[in-house]
Every structure is written in structure tokens, then in C-alpha cells.
Amino acid sequence: MNSLSSNPSAAPEAPASAPAATAQRKHAWLADYSMPLLYIALFTVLALTVENFFSAGNVVGLMLSVAQIGMVACTMMLCLASRDFDLSVGSTIAFSGVLGAMLLERTGSVTVAVIGGLAAGALIGAGNGVLIAYLRINALIATLATMLMVRGLAFIASQGQAVGIANDAFISFGDARVFGLPLPVIVVAVCFLVFGVLLNHTVFGRNTLAVGGNPEAARLAGVKVERLRVWIFLLQGLVTAMAGLILASRITSGQPNAAQGFELDVISACVLGGVSLQGGKARIIGVLVGVLIMGTVENVMNLMNVDAFYQYLVRGLILLAAVLLDQLKTRGAGGHRD
Amino acid sequence: MNSLSSNPSAAPEAPASAPAATAQRKHAWLADYSMPLLYIALFTVLALTVENFFSAGNVVGLMLSVAQIGMVACTMMLCLASRDFDLSVGSTIAFSGVLGAMLLERTGSVTVAVIGGLAAGALIGAGNGVLIAYLRINALIATLATMLMVRGLAFIASQGQAVGIANDAFISFGDARVFGLPLPVIVVAVCFLVFGVLLNHTVFGRNTLAVGGNPEAARLAGVKVERLRVWIFLLQGLVTAMAGLILASRITSGQPNAAQGFELDVISACVLGGVSLQGGKARIIGVLVGVLIMGTVENVMNLMNVDAFYQYLVRGLILLAAVLLDQLKTRGAGGHRD
Amino acid sequence: MSAYLQFEDVSKVFPGVKALNGVSFEAHAGTVHGLLGENGAGKSTLLKILGGQYKPDGGRLVVAGKERHFTSAADAIAAGVAVIHQELQYVPELTVAENVLLGRLPTRFGLVDHKAAQQLVTRRLAELGVDLDPAARLADLSIAQRQMVEICKALMQDAQVIAFDEPTSSLSHRESEVLFRLVRELRADGRTIIYISHRLEELYALCDTCTIFRDGRKIVTHPVMADVPRERLIADMVGREVNDIYDYRTRPAHGERLSVRGLDGAALDGPASFSVRGGEVLGFFGLVGAGRSELMRLLYGADRRSAGQVLLDGKAVSASGPSAAIAAGIVLCPEDRKEQGILARASVAENINISCRRNSLLGGLFLRHKEEAARADDFIRRLRIKTPNREQEIRLLSGGNQQKVILARWLAEPDLKVLILDEPTRGIDVGARNEIYRIIHEVAERGCCVIVISSDLPEVLGVADRVLVMREGRISGELSRADASETAVLRLALPDAAAAAAPPTTTEHTPSRSLQ
Amino acid sequence: ADPVKIGFLVKQAEEPWFQDEWRFAEQAAKEKGFTLVKIGVPNGEKMMAAIDNLAAQKAQGFVICAPDVKLGAAVERQAKRQNLKVMSVDDRLVDGAGKPIASIPHMGISGYEIGRQVGLGLAEEMKARGWKPEEVGALRIAYDQLPTAKERTQGAVDALKESGFPLANIVDAPQSRTDTESAFNAANIALTKQARFKRWVAFGLNDEAVLGAVRAAEGRGLRADSVIGIGIGGSKTALNEFAKPAATGFYGTVQISPKRHGYESSLMMHQWITANQAPAAVTLTKGTLMTRKNQAELVKAGG
Ligand SMILES: Nc1ncnc2c1ncn2[C@@H]1O[C@H](COP(=O)(O)OP(=O)(O)OP(=O)(O)O)[C@@H](O)[C@H]1O
Ligand SMILES: Nc1ncnc2c1ncn2[C@@H]1O[C@H](COP(=O)(O)OP(=O)(O)OP(=O)(O)O)[C@@H](O)[C@H]1O
Ligand SMILES: O[C@@H]1[C@@H](O)[C@@H](O)CO[C@H]1O
Ligand SMILES: [Mg+2]
Ligand SMILES: [Mg+2]
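What you see is a predicted model; the values in this text were computed from it and never measured.

A. Highlighting the relation of the copies chain B and chain A. Least-squares fitting of chain B to chain A yields an RMSD of 0.2 Å, with the superposition described by an axial translation of 0.0 Å and a rotation of 180°. Taken together, the rotation and translation describe the operation of a two-fold axis. Taking the C-alpha atom as reference, chain B places Gln-278 of chain B closest to the rotation axis, 4.0 Å from it. A shared interface surface links the copies, since 88% of the contact residues of chain B are contact residues in chain A too.

B. Representation of the arrangement of the chains within the structure. Most contacts, when the five pairs of chains in contact are compared, are made between chains A and B. With no contact formed, the shortest span from any C-alpha in chain C to any C-alpha in chain D equals 36 Å.

C. Fine view of the nonpolar core. Residues and elements named next belong to chain C. In terms of nonpolar packing, the biggest core is built from 387 residues, with Leu-258, Phe-274, Leu-299 and Ile-330 touching the most fellow members. There are two domains that each give this core at least three residues, and those are domain 1 (3-238) and domain 2 (255-493). Once you skip the residues sitting within four places of it in the chain, Leu-299 turns out to touch Leu-258, Val-260, Leu-263, Phe-274, Arg-305, Val-310, Ile-330, Ile-420 and Ile-451. In this structure, Ala-41, Leu-47, Ala-79 and Ile-194 belong to the second largest nonpolar core, which totals 26 residues.

D. View of the site of ligand 1. Surrounding ligand 1, one finds 23 residues, the nearest of these being Gly-40, Ser-44, Thr-45, His-198 and Ser-398 of chain C. Per-site note: the chains with residues close to ligand 1 are chains B and C. Contact distances for ligand 1 include 2.6 Å between an oxygen atom and a side-chain N or O atom of Ser-44 of chain C. Computed on the free molecule, ligand 1 has an accessible area of 640 Å², of which 99% lies beneath the protein chains in the complex. Only strand 2 (17-27), helix 1 (43-50) and helix 14 (399-411) of chain C provide two or more residues apiece to the shell around ligand 1. In terms of residue count, the dominant contributor to the shell around ligand 1 is helix 1 of chain C (three residues).

E. Quick peek at helix 7 (residues 207-219) of chain D. Residues and elements named next belong to chain D. If you check helix 7, its first and last C-alpha atoms are 18 Å apart, about what 13 residues at 1.5 Å a residue would give, namely 18 Å. Here helix 7 lies mainly inside the structure; 12 of its 13 residues are buried. Restricting attention to buried positions, one finds in helix 7 the residues Asp-207, Glu-208, Ala-209, Val-210, Leu-211, Gly-212, Ala-213, Val-214, Arg-215, Ala-216, Ala-217 and Glu-218. By the N-cap criterion, in which a side-chain oxygen at the helix start approaches the backbone nitrogen of a residue two or three places on, helix 7 is capped by Asn-206, the distance to Glu-208 being 3.3 Å. At the exit of helix 7 stands Gly-221, carrying a positive phi of roughly 80°.

F. How the structure looks around the domain arrangement of chain C. Residue and element names in this part refer to chain C. The domain boundaries assigned to chain C delineate domain 1 (3-238) and domain 2 (255-493). A C-alpha centroid distance of 29 Å is found between domain 1 and domain 2. Counting residues at the interface gives 28 residues for domain 1, matched by 24 residues for domain 2. Carbon and sulfur atoms make up 53% of the surface buried where domain 1 meets domain 2, a total of about 2100 Å² over both sides. Per-residue buried area on domain 1 facing domain 2 is highest for Asn-39, Glu-87 and His-198; these three make up 26% of the total on that side.

G. Representation of the coordination of the magnesium ion (ligand 4) in the model. Residues and elements named next belong to chain C. Only Ser-44 (OG) and Gln-86 (OE1) from the protein reach the magnesium ion (ligand 4) as donors, at distances of 1.9 to 2.0 Å. Remark: Gln-86 occurs in the loop between strand 6 (81-84) and helix 3 (96-100) and Ser-44 occurs in helix 1; sequence separation between them is 42 residues. Across this residue pair, the class does not change: Ser-44 and Gln-86 are buried.

H. Up close: the UniProt feature "transmembrane region" (unreviewed entry) in chain A. Look at the UniProt record and you will see "transmembrane region" (unreviewed entry) annotated at residues 35-54, 60-80, 87-104, 110-132, 139-158, 178-199, 230-252 and 284-303 of chain A. Within the segment residues 35-54 of chain A, helix and strand shares are 75% and 0% respectively, and the terminal C-alpha atoms sit 20 Å apart.

I. Region of interest: the pattern of salt bridges. According to the stated counting rule, one finds 66 salt bridges over all chains in the structure shown. Between Arg-81 of chain D and Asp-175 of chain B there is a salt bridge, with the nearest N and O atoms lying 2.4 Å from each other. Placement of the pair is Arg-81 of chain D in helix 3 (residues 72-81) and Asp-175 of chain B in helix 7 (residues 168-175), with the two residues belonging to separate chains. Assessed through its relative accessible area of 35%, Arg-81 of chain D is described here as partly exposed. A salt bridge links Arg-381 of chain C to Asp-378 of chain C, with the nearest nitrogen and oxygen atoms 2.6 Å apart.

J. Summary view of the coordination of the magnesium ion (ligand 5). Residue and element names in this part refer to chain C. In this structure, Ser-293 (OG) and Glu-335 (OE) serve as the protein donors to the magnesium ion (ligand 5), at separations of 1.7 to 2.4 Å. With Ser-293 in helix 9 (residues 292-300) and Glu-335 in the loop between strand 18 (330-333) and helix 11 (337-341), this pair connects stretches of sequence that are 42 residues apart. Of the two residues examined, Ser-293 and Glu-335, each falls in the buried class.

K. Seen up close, the interface of chain A and chain C. Contact residues are listed per partner, giving 34 residues for chain A and 37 residues for chain C. When chain A packs against chain C, the two sides together hide about 2800 Å² of surface, and 56% of this comes from carbon and sulfur. At the boundary of chain A with chain C, the tally comes to one salt bridge. Arg-206 of chain A is the partner of Glu-98 of chain C in a salt bridge, and the nearest nitrogen-oxygen pair spans 2.4 Å. Inspection of the region where chain A meets chain C yields seven residue pairs in polar contact (both at pLDDT 80 or more). For the side of chain A that touches chain C, the secondary-structure elements that each account for two or more residues are helix 1 (18-49), helix 8 (183-201), helix 9 (203-213) and helix 10 (215-220) of chain A. Looking at which element gives the most residues to the side of chain A that touches chain C, the answer is helix 9 of chain A, with six residues.

L. Focus on the environment of Asn-214 of chain A. You can see Asn-214 of chain A is positioned in the loop between helix 9 and helix 10. It is 9.2 Å that separates the C-alpha atoms of Asn-214 of chain A and Arg-83 of chain A, two residues lying 131 residues apart in sequence. Not counting residues within four places of it along the chain, the set of residues in contact with Asn-214 of chain A comprises Arg-83 of chain A together with Gln-89, Tyr-90 and Val-91 of chain C.

M. Examining the side chain of His-222 of chain C more closely. By the secondary structure assignment, His-222 of chain C is in strand 12 (residues 217-222). When sequence neighbours within four positions are dropped, the list of residues in contact with His-222 of chain C reads Thr-209, Cys-210, Ile-212, Val-228, Arg-232, Leu-233 and Asp-236 of chain C.

N. Representation of the interface of chain B and chain A within the structure. Tallying the contact residues gives 51 residues for chain B and 50 residues for chain A. The largest contributions to the chain B side of the interface with chain A come from Arg-136, Phe-309 and Tyr-312 of chain B, which together make up 13% of the buried area. Taken together, chain B and chain A are joined by zero salt bridges. Where chain B meets chain A, there are zero residue pairs in polar contact (both at pLDDT 80 or more). Where the side of chain B that touches chain A is concerned, the elements lending two or more residues are helix 5 (110-134), helix 6 (139-158), helix 10 (215-220), helix 12 (262-272) and helix 14 (308-333) of chain B. Residue contributions to the side of chain B that touches chain A peak at 14 residues, all from helix 6 of chain B. Of the residues belonging to the side of chain B that touches chain A, the class tally is 34 nonpolar, eight polar and nine charged.

Procedures and definitions
- Residues numbered from 1 in each chain as written.
- Chains lettered and ligands numbered in written order.
- Predicted model: local features only at pLDDT ≥ 70, side-chain atom pairs only at ≥ 80, totals over all residues.
- Heavy atoms only, no water.
- Least-squares fit on C-alpha atoms with pLDDT ≥ 70 in both.
- Contact = heavy atoms within 4.5 Å.
- Core = buried A, V, L, I, M, F, W, Y, C linked by side-chain atoms within 4.5 Å.
- Buried < 20%, exposed > 50% of the residue type's maximum accessible area, 1.4 Å probe, protein only.
- Domains from an automatic or database assignment.
- Near = heavy atom within 4 Å.
- Polar contact = N/O pair within 3.5 Å; in protein donor to acceptor, adjacent residues only side chain to side chain.
- Areas by Shrake-Rupley, 256 points an atom, 1.4 Å probe, with all protein chains shown as cover.
- Helix = DSSP H or I, 4+ residues; strand = E, 2+ residues; numbered from the N terminus.
- Expected span 1.5 Å × (residues − 1).
- Buried area = accessible area lost by both parts, 1.4 Å probe.
- Donors = N, O, S within 2.8 Å, 3.2 Å for Na, K, Ca; no water.
- UniProt positions renumbered as here; feature names shortened; annotations may be inferred.
- Salt bridge = Lys/Arg side-chain N within 4 Å of Asp/Glu carboxyl O.
- Nonpolar A, V, L, I, M, F, W, Y, C, P; charged D, E, K, R; others polar.

As C-alpha cells, this is what we get:
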């Protein structure tokens, strides 16, 4: 939360001379793609040095391991971009999974289970949105409160027990493969695509950035800020519920304990990917890389048999290294003042 | 420069009419004290309705139960006020406790253990500060990284096992009573006093708020922003380590697993107490009330034997109710611009 | 012709402040209606009501014969009202095109048509005669350029009523000319225009009609502004006579105190050197982007120097940062009030005391609250800062009054040696400007060096003993007060080609010294 | 005399195991007419607060499964100061040096012993299927941050070793949290690493961990005939697996009885308070291997 874009007069005049402009473009390009490049470099090094890393099985496993985080990171990005915050996603994953499993148990209908789970997620999200946008409750407190309440509901509904799933059609969601890729991986890829387009190519996305960058300016320009906020949270709830249902299908049960601490992972992945907690800045490719870095580090540490205790150290160091490298590149690229 | 006022017509602006001014004072006062008043009201109601709540034993127990959170909330307040963020406090509590216990075990000297623990905390804090202020790493990522690394160190140092403490002098820290109050309660009271004074009556505190409000303006006004940031984190580390040592003495062991999720509790207490995550706003009495509300809710739920699953629901609802009530009051009190 | 826009008995109360008190006036289509008044008179508040940002506590607003009750900015926009607010409201991370089209981006098949947006904005910018890259991020533009974006954003709405709140306060000469042309075109097109400014020249040049405010009340509407002598306007506004606004007096000159040697940094085009004598007021003029602010920031230690040295009274000043400069007695009052000056949520008193309090601490750490309160009250009185009390959050003050608070911060420095003012009177009313000029002279009379950067040419000429002119990142010339005519200064300020072609001037406005 | 009030403090209130324990303790409370106060104590700090809280409610004693066995000394001190009787359940409390605390009666089962049962169960089933140990990989879903988890898996490892299983075939899969998804991811990587094994046995801290391993194996085409997973707990998670029409790699679980632990421990405490009859210093219960075959009867017996 340090002073990100606090210095407005810092940057060059627009009609800069031609070579300067090219240099600037190039720098902007570097700043844009430094993260993906970094990741590609990392991946290559790992592929060459770490045994078993670059195998179809492992790469698919890696992607599968970040599927849930990836889906939710897409909407969390929107949420952070609009200068908000959502701590309730972990609980929502658990609750929608439990609810879906219970509905499945009672009705035997996959449709009912899926619709029920998604609707619950959307409702939770919309509730967050209303609390934050209309009742003006601080997002941290509001979503902390829903995080607690939704987790409570998951426990209460399931009486604290895992709810088993026996329905094969439902289980195949998490299991099926298309073109050799597990369905969850395909879903997360679609999410990145859809939300990338949403962020960059729709009025919704641009308004989201505007609201995060300067809510007052957005409001004065006629953007319906409150309504937009509610929509963002609603989407977040919906996608999170989808992730929860997919998780439930993968582990063939709805577990009320699932995904504790998930929210921090998702937010970290976004921030690692360059999304500003001060709002107004987001890049889908950055988020993708952030998610991948987190998953890759864990994957490689286990492949290399790093001791569990030392994994904490390594994970911390890698996080620092990633942002520092990125930092240096952007710093080299364009003198900012402070 | 007194000739400046030589202009005869330069009389002070007629302040707004007297009743309006009084009304404003009253509103300001209400906004200032709505939280404490709310808490007093809550406390009174509980004292009258909940059996065993208003007994010396319970009240002291309640204060003891928030001692650690309270201490760390004092410095977290400064951290948030300067628009920063610290996720590493939970790990630091664990690490300083483990380290203190190990030093005690090896050297048998309380002084060495205490100094060692505190120094480690200060070092961790200063490290965070340097990463954030000088290397400009996003505070969330930086402290997430230290959170992981310090937790790792705690596990590595202790080999994952709690380190027992047998030294009576050390144990009496957490045990001793002065004027009937346990030492930790006295320490946390002193913390609130000291940090209240620091925030409101020293340059350090004011500069902290200034940096949080507008870092660039603060720098141009002569505040040494980077150095100040490092000091804030150093203090945070120091106080957290103290809390960790006191906890270790209370539970007669240094536990590498201790205080997981502690950071969220502390930050929530601060935010509940009106500290803005956007920086520049903090009130020590608010933080005190925030901490007390969190502790009281838990205390009362246990006194009333509320079911574990329903505790989640209740805690969420109380959080919402607290901010909503506070919200309504300040809203009633008047004009905010946006 | 019936009035297109009518305010009837409009009131607005904030805690402790009656910002508007039964204001009524009307504005006609095809005219430019000027609003004048001291800082804090209520002008911006009126525009915020017009723009749907505030709800009035009483009174009626009639647009095109229909009574309106706007509940949001969107309502006002829908009713054909566009307001360009005093505090710029842009989204720094978005591009010019996106800012201009905020809230109404063109879409194709549900997706934003970036190309069409870019083309649309490019075309409109060209039509408006504004030279801006539609793909540039706002964060990368100068304040003046951001201001132009704001103006374009409002014009893009094709509104019938267009209200400008001090649009020129951060524009320099060149952009101002563009703006004036636009305003005239809009008038010719039959729009209803409200125009707020503290610059009398431009009001005379643009406005047909004007209304004067004081303390939230309407004092008078002059149907034909040109007929009203400026003394009359000033007296109506300030409630007293102001004669020579610059109040220039010759002072005994001392020896050289401040010497800047070969200072260089990222934004300059080569090293810059100059010196200032004790008791001297040095004016800096240049077009927007000439590098004046950059040079001062280097001097102040706010940016990293690549070369050079600053000597004060023969001793080198540490370049370690603003705090070192302040400790040496050099202070800088920055040009961008909102981003670099105010601590928005802190009180007026806090904003005044933030720096100077270090000299009167108890034990080097503790504040002396009484002394600070007294100091704040003193400045509130002396600079006539309009605030209900010293504890008011500064963001709730009117723009001009915020500027006065920042000035007070630096005037409160007890051991002031060099006072650098970057656009000090931006958004400040005539009476207060007069006050600031007096302060400048007094500070100089104490033997301090004063550096005044201004894009307001008459102001530079009016206060400075000597004028330095910058162009494209270097100092292009120096003129003594006697030699500093408008043409001489402009010749040094304009790029060579432009200077040769046509020295565009403020001439259109009545030469400013006539204020004297 | 005051009405009898007994606290029952458990380290993870949300876990089904403890929910069950509480449920059975409640049953005892109803029968004997005392009040049961249930508090979750996820960490040392909360535990201290909960004991204070019990004293404030004028409880006379409490049963505890502490968040860490090394908190023993703290429990002992705090109970003494507040004048509360205390006994431990599930996990046996130790002092700073690691010695069991004699003054605190205990009812439970050693994590290490349960682990051994898992290991023995795996070894027997391998033998029954005629697998050659050298061709089998053993997946240890590890969460060594938690001392009980380490103890349990250590027990399983030791038992496997004793049965002649080669140590080199035991593969660690450290999970980053204790939920099923983390176990899944960890197992997935371990399976990649040791793709040479076509048959696997899997064990871990609890049923959820083993379930993750089983699902990961299925993802690689390893099904019931080539995977033997044995969990710990006998929870709903395990029963759900047994309820599936076709057998899965989730072969069994070592069931421990929350009934005895919850019901009997609170009865003992009640007896101690009302009749001043201290419980036996140690009461040990046993785990039972539950599989598809015997689950129905075990569930019925367990209530
Ligand atoms: N939201 C607010 N809360 C409290 N006071 C306010 C608020 N907005 C404006 N004011 C006060 O109302 C009065 C009128 O302010 P306004 O901004 O309309 O003045 P102005 O005429 O535009 O002055 P300037 O020329 O300095 O811009 C001032 O005293 C100001 O401090
Ligand atoms: N960080 C930077 N890197 C490169 N160029 C910069 C940077 N900051 C500013 N500049 C450029 O330096 C030049 C000087 O700008 P500056 O703001 O100092 O001008 P000025 O004379 O003070 O005009 P005004 O303040 O009226 O806009 C401008 O061209 C600006 O774009
Ligand atoms: O933590 C475990 C719990 O999960 C249950 O299995 C009983 O024993 C405890 O040690
Ligand atoms: Mg104004
Ligand atoms: Mg400038």
C-alpha cells in the first residue's frame, strides 16, 4: 500500500520528441510484459534443471492445482481494480460446494445443484456489494463479516461433516478431459479469456478501472458507481461458487472446511501480478502470471523434495525476488520521480 | 511579519452563527466518541443481562484475552495510518516466542531471552520497513513474504515442536499481578497510553498521519518519509516481539504454530476502530474499542455457551452491526463531501 | 430572450458554513455569464449544485424552463448540463480517450470500440484545436494538459449549459488562448455558459454579463460587464478598496545569497545556473512544461540531481531531500496543491504546523498544542482564510483558501532564507493576491530571497525585481525589471519559430498593469 | 452446593471428530444433570482465555484436548490458579521437557499408535493382494508443522518398515494446508515424481488427506485395484467413499471412537467433582480398522 501513483506530474509531456516517444513505447511494452517474460524465463530454467518438471503430467497437474485460485483471481482482479477487497471467497467456495452436494443428495438433479450453488454464490456476492456500495461499510470489515457468516452457514448446513457426492454426471465435471486437458483447466482458461475481454474491451471493465482510479471522477461522468460495485461483487460470488462446485466435484464431496486462507492466496496472486490495492490498475496477463508463479513455486518445491519447513522460507524469498525483479525493470524503464 | 495584519478591514471572518457552530462541535464530538459510547452501552447491557459477565474475574479474563491483540494493534494502527500494512505480525509472535524459549533453555538467562526476542522482532520489523520504504516493494507482498519466512524460521528453529519453558522468573511475567491486575493487562494499558501520546502529541505521530494522508506532500513538507516508515515497522516488530514473549511466558512454551491468522484479527480490530486502510486517519480510542469489541463478543459467546458453528454467524453479525451503527451516527452528524 | 438557466433563492449549508444564502440569478443562452467572488464566496458550491453533485438545502433550479431536481451527476448530464469542476476529476491510469469518453464509450457488438473511440477523440480534439495524444495516460500528462482533457470531456457531452470553474488556473497562456476561442465558439453556437475566474482580464475579455458573490450571497448582477469599471468589481467582491494590487516598492539590494550552479536532472535540457541576492524577488516565467517546476524541485532536493550544487550564503546545501533544504532555510510551495500540497484529511491547523513545529518541540518530540493553535489562528486571521475553525479538514475549504493554508505553512518558518513559490496565486482572489504580494515584499525586505514562478505574465512583471525566462528545459534569458516588457519576456519564452511568426499575446486582455 | 458445571475444550471445534465428542459429552451431561460448557481453543492464547472464562462461569473442572501437547504446564498452572479440576482427552499433555504430566488424568489414544495401526493395515492388505513391496510406492501426505500429524504418519512409517517395506519407496507429499485440495496437489506432484510405481499405498493425518491422495491417483488412472489408502478418523468423508457403488482407492480408515472419549471423559470429570473420585491416571482406547466390509456394523456400534 505504498504511494503508487501519487506523483502525477512525474511523467513526460505527451508530445515528446519522436525518439523519446519510441523509447517510451518500448519501456511501456517492457513494463507490460516484464512479468510474462520473467515467468517464461523461470519456466524454461525449471524445465531444464528440475527433473520431471517439464512433463505433460506435471504441467497439467500444475495447472489443475491453480485452477480454483485462477478462476477466483479473475474476479478478484476486478474487485481490487475498483478499489475494493473480498475476504469472503474462501468461505464461499466451501459453502457453495456443501450446498451443491446437499442439493445433489436431496434432489439427485445436477441442474438443481449447480443452479443452487451458483445462485447462493451470486447472492453472497451481491450482499457484499450492497453492504459496501450502498451501506458504505468498509470492504475489509464487510467481507470479513460475510467470510465468518458464510463459513458458519457451511458448517451449520453440513453439521460440520463432509457431504458426499455419488452422482457420476456431477463428478465428471472435475474429472472429464477435453483435448487431454482436465475440464477445470479449460474452465480457468476460459475465465482468463472472458475476464480479459471484460476488463479491456467492455464498458463494464473500463468503468471498473475508472471507479478504482477515481470514484468521484467516475460518478461525475455519470457512471453508476454503486450499481457497478454490486455487479462486480455479484460476479465475484458467482465465479467463486463455480470454483467451489468444481472443487466439490473434484474431491467428490462438499467440505465445510475447504479453502481456509484461500482469500489471501488469491489476493496475493493478483498483487503479485501487478494489480494495485489502491485501485485503478489491473492487467489480466499479470494476474495469470501471478497465479502461475504461486503454483509453480509450490510444485517445484515438492518436486525437489524441499523440506516443509524450508518451503516457507523459499516461498517468501521467491515472492520478494519476483516483485523486486519486476520492480527493477520498471524502474530502469521509466524514471519515476520518487 | 506582524505588519501583515495592519490592514484594518482584515478582521477575522465572522464565524458562522453561534448555534451552527455548537451543532458542529457536538457532531464532531459525537463522531469522536460514538465508538466508545457504543461500547459502554454494549458493556452495560451485557453486564445486566449476561450472567457472570460483570465479575472481577471475568472482566480481568476478558482484558487478558485481548492483551496480545491490543499491544500489536497499537503499532498496527501506526502502520495503517501511514498507508501501510503488516501481515507478518502473527509469525513474529511465534518466532519471538520460540526464540525466547530457546535462548532461555540454552542460557538460562531471562535477560538474554528477552533481549534476543525483542531484537529479533525489531530486526524483522526493520527488514519489512526497508523492503517497503527503500526497495518499494508493495507492503502486502513484502510482509506476506516475511510472514512466510519468519514462520519458516520458527519451524526450523524449533524443529516444529513447542519449546518448553521452565524458568519461573520468565513465567512470572505472564503470571504476576500488580494491584490485582495481571502484568500483561498492565503492559497493554501502558501500550495504549504510550501510543496514544505518540500518535497525538508527538511529531512522529503527526508525521505518520501526514505520510498516510499524502506521502508526496509530506515529503515536500520536510518529512523523511522513508526513515519514518522504517521506524514504524521497527516499532511494530518490537512490540509484536514483546507480545510474543509475554504469550510464551503465559503459555510456558514457545510455539512455532502460535498466532496463525493473528494479523487479520489485529487489522480488523483497527479497522473496526475507525483506522482507514487508505491511510491518514487513526484514533487510539477507536482502536481500543475495536479490540475490546472483538474480545467481548468472544467472551460473551463462550459465557452463553453459543454453539461453535453459530459463533461464526454471531461474530459476523456483530461486526456488521458495529460498523453500521457507527456509520449511521457519523452520517447523521453531517456533510461528507463524497 | 428568456433565461435558459435560472437559480432561485438557492441555499446550501455545511456544518458551520453557510456556503450559499438565497442566491438568485439567471443566465441566457448565447451569453457567457461570469461569476466573481472572494475565495470561499460559494461559487464552486453553486456549480456543484448545478452539476448534480450537491442537493441544495433550499431554492429552485430551472433549466430550459423546467424545474430540476438533480440527484446525481448523471441527471445533470442527461439534462444537458456539463460542469468542469475546479478540482480536476480524472482517472490517472486511463488514457485521454477513455477519460474524455468516460461514461459513454462507443461500443460495437457489446465491446468497446477502441478504434472508434480513438478516432472520435482525435477528431474532436483536432476540431477543438487541442494538441493531445488520445492514447496517452492522464498520469503522464502535465496538469495543464489534464485540465484540457477535463474541458474536452465536458465539451464532448454537447451540453446546452456549460459551466467552467476556474479553468485557466492551471493553464498557461497558450492553452488559455485555445480555451477562450472555444468559449467564444460555444457562445456563438447559442449555448449558455457560466464562467468562474479570479482573473479580471479574462473575465472582461470573455463575459457578457457577470454576477458577484460575497459570503454566500449574491451582491449584484451586471447585465453588461464591459460597462463596469474594475475598481467597482473589486470593491463589490472584496468589500473594500484595493488600489495597486502588486504594491511594488523598491528595496535595498543585498549581496548574493543563493547560488545555483550547474543544476541538472532528468527533466532539464542541460545544467542551469542562476543566483539570487538577499532581498531580491526573482520571477521565473515560461510556458507550461518549460522546466521551471523541475528546476525548483531539483534545487529543493525533491528530485534527484545528476549534477550541480546549491550554495546558500556560501555554504553548500545538502541534496539529500526536502528536509535538508528546509533545515537550511529553503522552502518550496508546490504548484500542484492537491497532489503535493495539502494533507486532505488533516485539519487546517495541522496543515499549517506540519513543518515549522520542529522548532518548538518539547524535548525534541512533543508538540506544543497551544502554540500551534495560536499560530494557526494567527494565520487564519492574517491571510483571511475562510474556515469555520482551525480544526476543519482542509479538503472542505474552497480551493483558494486551501492555497492560502499552504502558503501559511511556509510563512510560518521562523528562519526563512529562500522562499520559492510555484504558481502561488493560482485560484486566489484579488484581495488575497494583494495580500500575498505584500507578504512577498515583506519577506524580501527581511533580506530573504524570494523566487516566484508564475504562468501569469502580468504577475511576474508586477512582483519581480528581475525575471528569468525558461524555454524547453533551459534558462533562455534574464531581464531586469526595467527591461521586462511583455513582448521581451514572451520572445524569450516562445519556441524560436513561433516567436518569429507571431508573438501571440495577452494583448487581447487589457494589459494587466492597468490594475494598478 | 453450586450446580455442577464442566468445561469441554477442544482444539478444532469445527472438526467432525470434536463435534461428535461434544455430542456424546452432552449426552452424559443430560444423564447426570450437569452443565457442559463447550469452547473451541485453536491456539494457546485462546486456551488460556477459555480457562479464565470457565472460572468466571464458576465451573468446577474441565476436560481438554489442547492445541499443542506441550501446553501441558500452562494448563496445569492455569487450572490450579483458577482452582479447576482438569483431565485431558485424545492428546496426552506433556511438560516443557516432554514428559507426561502426572497430575492430569488422561483418556485417549496415542497418535503414534493409531499411525501404527494404519501402517499395519496397509501392510496386511498389500500382502493379501500379493503386491511385492519393492514395486509399491508409499505416499505419506505430510503436514509436519502439526506435531500430531507428524506422530501419526511416523507411526505408519515405522509399522510399514517393520513389515519389511523398503524405506526408499516412501515418498513424502507435503500439503500446504490440511484440506483435501492441498493433499490432492501434493499427491499429484509426488505421483509425477515417482511415476515408476504402478501401485501405491497412501496415508496421512486424517481421512481428508488420504481422500486427496486417492483422487489424485485416480486422475492418473490408478484406481481401486492399484491404490490402498487408509485414513484416520472414521469420519463422514470415509463413509461417503464406502457408500459409493464401486470400491475406490480409499480402502479403509482407522476409526477411533468419539463416543467413549466424549461420554466417558465427562462422566469421569463429573465423578471427580461430585464424589471426589479422581479418574485413573491413564485410560487408553483403541482404534479399529474400518473398511467397506465392516463399516456398517462399526457405524452401528459407534452410534
Ligand atoms: N463539503 C463541504 N463541507 C464543509 N464546508 C464546505 C464544503 N464545501 C464547501 N464548503 C465551504 O463553503 C464555502 C464556499 O465554498 P466554495 O468552494 O463554493 O467557494 P468558492 O467561491 O468556489 O471559492 P474559491 O474561489 O476559493 O474556489 C467555503 O467556506 C467552503 O469552505
Ligand atoms: N520524470 C520526468 N521524466 C522526464 N521528463 C519529465 C519528467 N517530469 C517532468 N518532465 C518534463 O519536464 C518538463 C518541465 O516540466 P515542468 O512541470 O517543470 O514545467 P514548468 O515550467 O514548471 O511548467 P508548468 O509547471 O507550468 O507546467 C516538461 O516537459 C515535463 O514533461
Ligand atoms: O487431532 C486429532 C483429532 O483429529 C482426532 O482424530 C482425535 O485425536 C486428535 O489428536
Ligand atoms: Mg471554487
Ligand atoms: Mg510548473
